[in-house]
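Read off the chains here:
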Amino acid sequence: MQVYLIDGTFELFRAYYGAPSVSTPSGKEIGAVVGLLRSLIALLRQSKVTHLACAFDHVLESFRNRLFPSYKSGVDIPDDLLNQFNQAEEAVRALGIVTWPMVEYEADDALATAALRFSSLTAVDQVVICSPDKDFAQLVTNDRIVCLDRRRGIVINESMVHEKFGVQPESIPDYLALVGDRADGIPGIPRWGAKGASALLDVYEHIEDIPLDSSLWTVQPRGAYAMALGLRHGYHDALLYRSLTTLSTEVPIAETLDDLKWAGVPKDKFQAFCGEMGFDTIADFPKRWN
């Protein structure tokens, strides 16, 4: 059995930038929600997709913003996308999919919690996190927890994480802390680029295990002395950034594996939602009804 965990926020963004504009009868832009529905209906048509859940950032700030005010806040998100978040959650529920709207935590944290919980069950052969987001690379475990880039049809397992980043999954939070992550507002440590960071972390694994004296390093990337100086000056920042890039696995999710079993699209609920939104063209798209 496979468990599919969907990054609803990413899927909504992908639909917004890839789907045509659509308006409700009242004139509200809703094209991203239509694109999201089309994408998930296509996923549900695959026979191997039997258990799944979807997480959204119900609000775009989390506990991380209290730790680091410059952390991503969503202030740059277009209003016509931001205004579709509530309808996106409603749409996914109308498909009969378990939906987790996050407020204190992020959607990524919900998926991380679920990935660890369900991958530990003997009935589960594999957990598939439907997102190419690099933050999820830290969760990848052999072929038991993998990431799926649905757009490109690529499954990312542990060997592919190392091939892409040069480090093992457990070092991904350290890597992002040192290199920085512009999308999340994390600046990184001066003088630490991708090649140097991966070279050091592939040996030492974690920030606190990297000697602060570069003469002690068993590998010597270009600019090693400047890198060590940057780490000494920014050591506490690096540890803070790592706490921000580390996904929480303590989200209070109540659902069991049985709760994630998909029984089909609840026809009355889905078609009522489509009617309200003016989605007549997709009201009959689902192939399995409940």
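These remarks concern the structure in this document. Not measured: the values here are computed from a predicted model.

Section: the side chain of Ser248
Phase 1 of the analysis: As for its placement among the helices and strands, Ser248 is situated in the loop between α11 (235-245) and α12 (267-277).
Phase 2 of the analysis: Judged by its relative accessible area of 12%, Ser248 falls in the buried class.
Phase 3 of the analysis: Reaching out from Ser248, the side chain makes a polar contact with the backbone nitrogen of Glu250 at a distance of 3.2 Å.
Phase 4 of the analysis: In this view, Ser248 contacts Arg64, Tyr105, Asp109, Ala112 and Thr113; residues no more than four positions away in its chain are not counted.

Digging into the packing of aromatic side chains
Phase 1 of the analysis: All chains considered together, the criterion is met by eight aromatic pairs.
Phase 2 of the analysis: Geometrically, the ring pair formed by Phe63 and Tyr105 is edge-to-face, given 5.7 Å between the ring centres and 70° between the ring planes. Of this pair, Phe63 sits in helix α3 (residues 63-67) while Tyr105 sits in the loop between β3 (98-102) and α6 (107-119), and the two are 42 residues apart along the sequence.
Phase 3 of the analysis: Since its relative accessible area comes to 21%, Tyr105 is described here as partly exposed.
Phase 4 of the analysis: In this structure, Lys267 packs its charged tip against the face of Trp289, placed 5.4 Å from the ring centre.

What to know about unusual backbone geometry
Phase 1 of the analysis: One non-glycine residue, Asn142, lies in the positive phi region at around 50°.
Phase 2 of the analysis: Looking at where Asn142 falls in the secondary structure, it is placed in the loop between β4 (126-130) and β5 (145-149).
Phase 3 of the analysis: At Glu205, a position not held by glycine, the phi torsion is positive, near 75°.
Phase 4 of the analysis: Structurally, Glu205 can be placed in the loop between α9 (194-204) and α10 (224-233).

Some details on the sheet that holds strand β2 (residues 51-57)
Phase 1 of the analysis: The six strands lie next to each other as β3-β2-β1-β4-β5-β6, forming an open sheet whose pairing is mixed. For this open sheet the edge positions go to β3 and β6 (154-156), each flanked by a neighbour on one side alone. Each neighbouring strand pair of the sheet contributes to a mean axis angle of 25°, computed without reference to strand direction.

Quick notes on the nonpolar core
Phase 1 of the analysis: Counting residues in hydrophobic clusters, the biggest one holds 56 residues, and the most contacted among them are Leu5, Trp100, Val127, Leu178, Trp192, Ile210 and Trp217.
Phase 2 of the analysis: No other element matches α6, which puts seven residues into this core.
Phase 3 of the analysis: When sequence neighbours within four positions are dropped, the list of residues in contact with Val127 reads Val3, Leu5, Ala115, Phe118, Ser119, Arg144, Ile145 and Val146.

Examining the pattern of salt bridges
Phase 1 of the analysis: Following the criterion strictly, the structure yields 12 salt bridges and no others.
Phase 2 of the analysis: With a closest N to O distance of 2.8 Å, Arg64 and Glu106 form a salt bridge. Taken as a pair, Arg64 in helix α3 and Glu106 in the loop between β3 and α6 lie far apart in primary sequence, 42 residues in all.
Phase 3 of the analysis: Take Arg64: its relative accessible area is 1%, and that puts it in the buried class.
Phase 4 of the analysis: In this structure Glu106 comes out as buried when scored by relative accessible area, which is 6%.
Phase 5 of the analysis: For Arg242, the salt bridge identified is with Glu208, shortest N-O distance 2.6 Å. Of the two residues, Arg242 sits in helix α11 while Glu208 sits in the loop between α9 and α10, which places them 34 residues apart along the sequence.
Phase 6 of the analysis: Overall, the relative accessible area of 18% leaves Arg242 in the buried class.
Phase 7 of the analysis: Given a relative accessible area of 42%, Glu208 falls into the partly exposed group.
Phase 8 of the analysis: By sharing partners, the salt bridges in this structure join Arg64, Lys72, Glu106, Asp109 and Asp184 into a single network.

Thresholds applied
- Residues numbered from 1 in each chain as written.
- Predicted model: local features only at pLDDT ≥ 70, side-chain atom pairs only at ≥ 80, totals over all residues.
- Heavy atoms only, no water.
- Helix = DSSP H or I, 4+ residues; strand = E, 2+ residues; numbered from the N terminus.
- Buried < 20%, exposed > 50% of the residue type's maximum accessible area, 1.4 Å probe, protein only.
- Polar contact = N/O pair within 3.5 Å; in protein donor to acceptor, adjacent residues only side chain to side chain.
- Contact = heavy atoms within 4.5 Å.
- Phe/Tyr/Trp six-rings, centres within 6.5 Å; stacked < 30°, edge-to-face > 60°.
- Lys NZ or Arg CZ within 6 Å of the ring centre and 35° of its normal.
- Pairing = 2+ DSSP bridges.
- Axes fitted to C-alpha atoms, helices over the stretch in contact; angles between N-to-C directions.
- Core = buried A, V, L, I, M, F, W, Y, C linked by side-chain atoms within 4.5 Å.
- Salt bridge = Lys/Arg side-chain N within 4 Å of Asp/Glu carboxyl O.

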